[in-house]
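Examining the three-dimensional arrangement
Chain by chain, the residues run as shown.
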Amino acid sequence: MLGFGRPQPSSAEKIAAAEAEMDLVTDMFNKLQQACMKKCIPKEYREGELNKGEGVCIDRCAAKFFDVQMKISELLQQEAQAKGAGGGGMGFGGM
């Protein structure tokens, strides 16, 4: 079965894909950090460590953030599969 399917990506393509994935992960982390810091951490620090309430808030915020990201990812995958199987589906000019 050699030679069938997609051609193997070159080293430059693999590096570009890894860099793109790293950019996406970094962007997601930054959004998570900004959203949860804004919601859970007061602007003026009173202590060097997180208190229990702040820690719980951060844990819940991060869990909700990743839950929403997973749901969005699933919806986008379903949409892509529907477009692939339906030959375009409800795109512009599809009437």
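Note: the structure precedes this text.
Counting restarts for each chain: residues are numbered from 1 in the order of the written sequence. Local features in a predicted model are, by the rule used here, given only for residues with pLDDT of at least 70; side-chain atom pairs are given and counted only at 80 or more, and totals for whole chains, interfaces and linings are based on all residues. With hydrogens and water excluded, all non-hydrogen atoms of the structure serve as input to the side-chain values.

Quick look at the pattern of salt bridges now. By definition here, a salt bridge exists when the distance from a side-chain nitrogen of Lys or Arg to a carboxyl oxygen of Asp or Glu is within 4 Å. Using the criterion set out here, one finds four salt bridges in the structure. In this structure, aspartate 27 engages lysine 31 in a salt bridge whose closest nitrogen and oxygen atoms are separated by 3.4 Å. Of this pair, aspartate 27 and lysine 31 both sit in helix α1 (residues 11–40), four residues apart, which is roughly one turn of that helix. Judged by relative accessible area, lysine 31 falls into the partly exposed class, the value being 47%. In this structure, lysine 83 engages glutamate 79 in a salt bridge whose closest nitrogen and oxygen atoms are separated by 3.6 Å. Taken together, the residues span about one helical turn, with lysine 83 and glutamate 79 both in helix α2 (residues 52–86) at a distance of four residues. Classification of lysine 83 as partly exposed rests on a relative accessible area of 45%. Note on conventions: DSSP H or I runs of at least 4 residues are helices, E runs of at least 2 residues are strands, and numbering of each starts at the N terminus. Note on exposure labels: buried denotes an accessible area under 20% of the residue type's maximum, exposed denotes more than 50%, and partly exposed covers the range between, all computed with a 1.4 Å probe on protein chains only.

Our next topic: the side chain of glutamate 54. Mapping glutamate 54 onto the fold places it in helix α2. Lys and Arg are tallied as positive, Asp and Glu as negative. Neither His nor the chain termini are counted. Here glutamate 54 occupies a buried position and makes no salt bridge, while the nearest side chain of opposite charge, arginine 46, is found at 5.9 Å.

Looking now at the layout of surface pockets. Taken as a whole, the largest pocket encloses approximately 200 Å³ of empty space. Lining the largest pocket are Met37, Ile41, Pro42, Glu44, Tyr45, Arg46, Glu47, Gly48, Glu49, Leu50, Asn51 and Glu54. A per-class count over the lining of the largest pocket returns five nonpolar, two polar and five charged. Lining residues are defined by having an atom within 4 Å of a point belonging to a cavity or pocket. Those points lie on a 1 Å grid over the protein atoms alone, cavities being sets where a 1.4 Å probe fits but cannot get out and pockets being open sets with protein on both sides within 12 Å along at least five of seven lines. Grid points are joined across faces, edges and corners, and a volume is the space filled by probe spheres set on the points. Basically, the charged four are Asp, Glu, Lys and Arg, the nonpolar ten are Ala, Val, Leu, Ile, Met, Phe, Trp, Tyr, Cys and Pro, and anything else, Gly included, counts as polar.

In this section: the state of the cysteines. Cysteine sulfur atoms are paired as a disulfide whenever they come within 2.5 Å of each other. Applying the stated criterion to the full structure yields two disulfides. Shown here is the disulfide that connects cysteine 36 with cysteine 61, its sulfur atoms set 2.0 Å apart. Across the S-S bond of cysteine 36 and cysteine 61 the torsion is about -95°, and the bridge reads as left-handed. Of the two residues, cysteine 36 is situated in helix α1 and cysteine 61 in helix α2; the sequence distance between them amounts to 25 residues. Among the residues examined, cysteine 36 registers a relative accessible area of 4% and is labelled buried. Among the residues examined, cysteine 61 registers a relative accessible area of 11% and is labelled buried. Between the sulfur of cysteine 40 and that of cysteine 57 lies a disulfide, 2.0 Å long from S to S. Looking along the S-S bond of the cysteine 40-cysteine 57 disulfide, the torsion reads about -70°, which is the left-handed sense. Placement of cysteine 40 in helix α1 and of cysteine 57 in helix α2 is noted, with a sequence separation of 17 residues between them. The connectivity of the disulfides in the protein is 1-4, 2-3, where the numbers refer to bonded cysteines in sequence order.

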